Amino acid sequence: MDIKKLQTLVVDALEDVKGQDIQLFDTTHITSLFDRVLVASGTSNRQTKALAASVRDKVKEAGGNIVSVEGETTGEWVLVDLGDMVVHIMQPAIRAYYRLEELWGDKPVKLGAEKRTAKRTSAADADAEKPKRAPRKTTGKAAPLEVTHDMMAIQTTLDDEKKPARKPRATKAVDGDAKPARKPATRKAADGSTVKPAKIPTGGRVKVAATKTAVASAKQAAAKRPARKKTAE
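Residues numbered from 1 in each chain as written. Predicted model: local features only at pLDDT ≥ 70, side-chain atom pairs only at ≥ 80, totals over all residues. Heavy atoms only, no water.

Some details on helix 2 (residues 45-61)
As a reminder, the rule being used: By the criteria applied, helices consist of DSSP H or I runs no shorter than four residues and strands consist of E runs no shorter than two, each listed in order from the N terminus. For a helix, the expected span equals 1.5 Å multiplied by the number of residues minus one. Three exposure classes are used, based on accessible area relative to the maximum for each residue type with a 1.4 Å probe and protein chains only: buried under 20%, partly exposed in between, and exposed over 50%. Contacts between residues were defined by any pair of non-hydrogen atoms, one from each residue, lying within 4.5 Å.
In this model, helix 2 (17 residues) spans 25 Å end to end at C-alpha, consistent with the 24 Å of a helix rising 1.5 Å per residue. Those residues of helix 2 that fall on the buried side of the exposure criterion are Gln 47, Thr 48, Leu 51, Ala 52, Ala 53, Ser 54, Val 55 and Val 59. In this structure, the buried residues of helix 2 make contact with helix 1 (3-16), strand 2 (36-41), strand 4 (77-81) and strand 5 (85-90). Where helix 2 terminates, the next one or two residues include Gly 63, which has phi positive at roughly 90 degrees.

Brief notes about the packing of aromatic side chains
For the record, the criterion: Only rings of Phe, Tyr and Trp enter the pairing, Trp through its six-membered ring, and a pair is recorded when the two centres are within 6.5 Å. The plane angle decides the type: under 30 degrees is stacked, over 60 is edge-to-face, the rest tilted.
Following the criterion strictly, the structure yields three aromatic pairs and no others. Aromatic side chains Phe 34 and Trp 104 sit 5.4 Å apart centroid to centroid with 65 degrees between the ring planes, which places their arrangement in the edge-to-face category. With Phe 34 in the loop between strand 1 (20-26) and strand 2 and Trp 104 in helix 4 (residues 100-104), this residue pair connects regions lying 70 residues apart in the sequence. Taking the relative accessible area as the measure of exposure, Phe 34 reaches 14% and is therefore buried.

Notes on the pattern of salt bridges
The test is simple: By salt bridge we mean one thing: a side-chain nitrogen of Lys or Arg within 4 Å of a carboxyl oxygen of Asp or Glu.
Tallying each qualifying case throughout the model produces seven salt bridges. When the shortest N-O distance is used, the salt bridge between Arg 95 and Asp 21 registers 3.5 Å. In this pair, Arg 95 is assigned in helix 3 (residues 92-98) and Asp 21 in strand 1, connecting sequence segments 74 residues apart. A salt bridge links Arg 56 to Glu 72; its shortest N-O distance comes to 3.2 Å. With Arg 56 in helix 2 and Glu 72 in the loop between strand 3 (68-70) and strand 4, this residue pair connects regions lying 16 residues apart in the sequence.

Quick word on the packing of helix 1 against helix 2
Any two packed helices are characterised by how steeply their axes cross, that is the angle between the axes, and by the distance between the axes. To keep it simple, the criterion reads: Axis definition: a line fitted to C-alpha atoms, limited for helices to the stretch in contact. Angles are taken between N-to-C directions and run from 0 to 180 degrees. Angles are sorted into four bins: roughly parallel if under 35 degrees, roughly antiparallel if over 145, roughly perpendicular if 65 to 115, and oblique for all others. Each crossing gets its handedness from the near helix: less than a right angle anticlockwise from the far helix is left-handed, clockwise is right-handed. Put simply, Ala, Val, Leu, Ile, Met, Phe, Trp, Tyr, Cys and Pro go in the nonpolar bin, Asp, Glu, Lys and Arg in the charged bin, and everything else, Gly too, in the polar bin.
The N-to-C vectors of helix 1 and helix 2 enclose an angle of 140 degrees; their axes lie 8 Å apart at closest approach. Classified by the interaxial angle, the pair formed by helix 1 and helix 2 is oblique. Both helix 1 and helix 2 take part in a crossing whose hand is right-handed. Contact residues: Leu 6, Leu 9, Val 10, Ala 13, Leu 14 and Asp 16 in helix 1; Leu 51, Ser 54, Val 55, Lys 58 and Val 59 in helix 2. Taken together, the residues of the contact of helix 1 with helix 2 break down into eight nonpolar, one polar and two charged.

Observations concerning unusual backbone geometry
Positive phi, normally seen in glycine, also occurs at Lys 18, with a value near 60 degrees. Assignment of secondary structure puts Lys 18 in the loop between helix 1 and strand 1. Here the phi dihedral of Arg 99 falls at roughly 50 degrees; this positive angle occurs in a residue that is not glycine. In this structure, Arg 99 sits in the loop between helix 3 and helix 4.

And the structure:
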């Protein structure tokens, strides 16, 4: 089995049983007996045995070779020999006493980076296998716009600017007399001469010419009246 596949398989088996402080080291420059050393911690005898059993079962299922398993009787330090890789599962006190990291830890292997790369690759493959969704058809109608207080204030300002300016009201003088009205503007005729506006009389009655309908009605009423007899002088 490939060493990278083996170390990933062992780490997954330990994480399934909640192994703690998992550290992996490359030992190819130190010894030719094995290529990797892994050290992990278990909080109790039962957990260290469960961690060792999980590693053994996972490697067997994948077709790996199990050389030997030692220390399952006490559970303080369980060693799983996989040929190219040796796994040490220890309780915290035993691990702090023997300090295997100082003996084999010249070249630590970063498991997090390898796992992230493997996850990204698998995720990219899964995305490539997924069928692409067809683009949604638009009906031409715009989505409803959410009206906010700022938009309402802007719209009110624009409406105020569109309104025509109001004519100023006539103000009275201090003494109570009203200000004189403005003079009407003069117009120009077609021949270029200036035409003055007609003066509107103030203070009197304005005579309005009778319409044709009113004149006809008056004539009909007069014709129907009986003629008055002339009295002798």
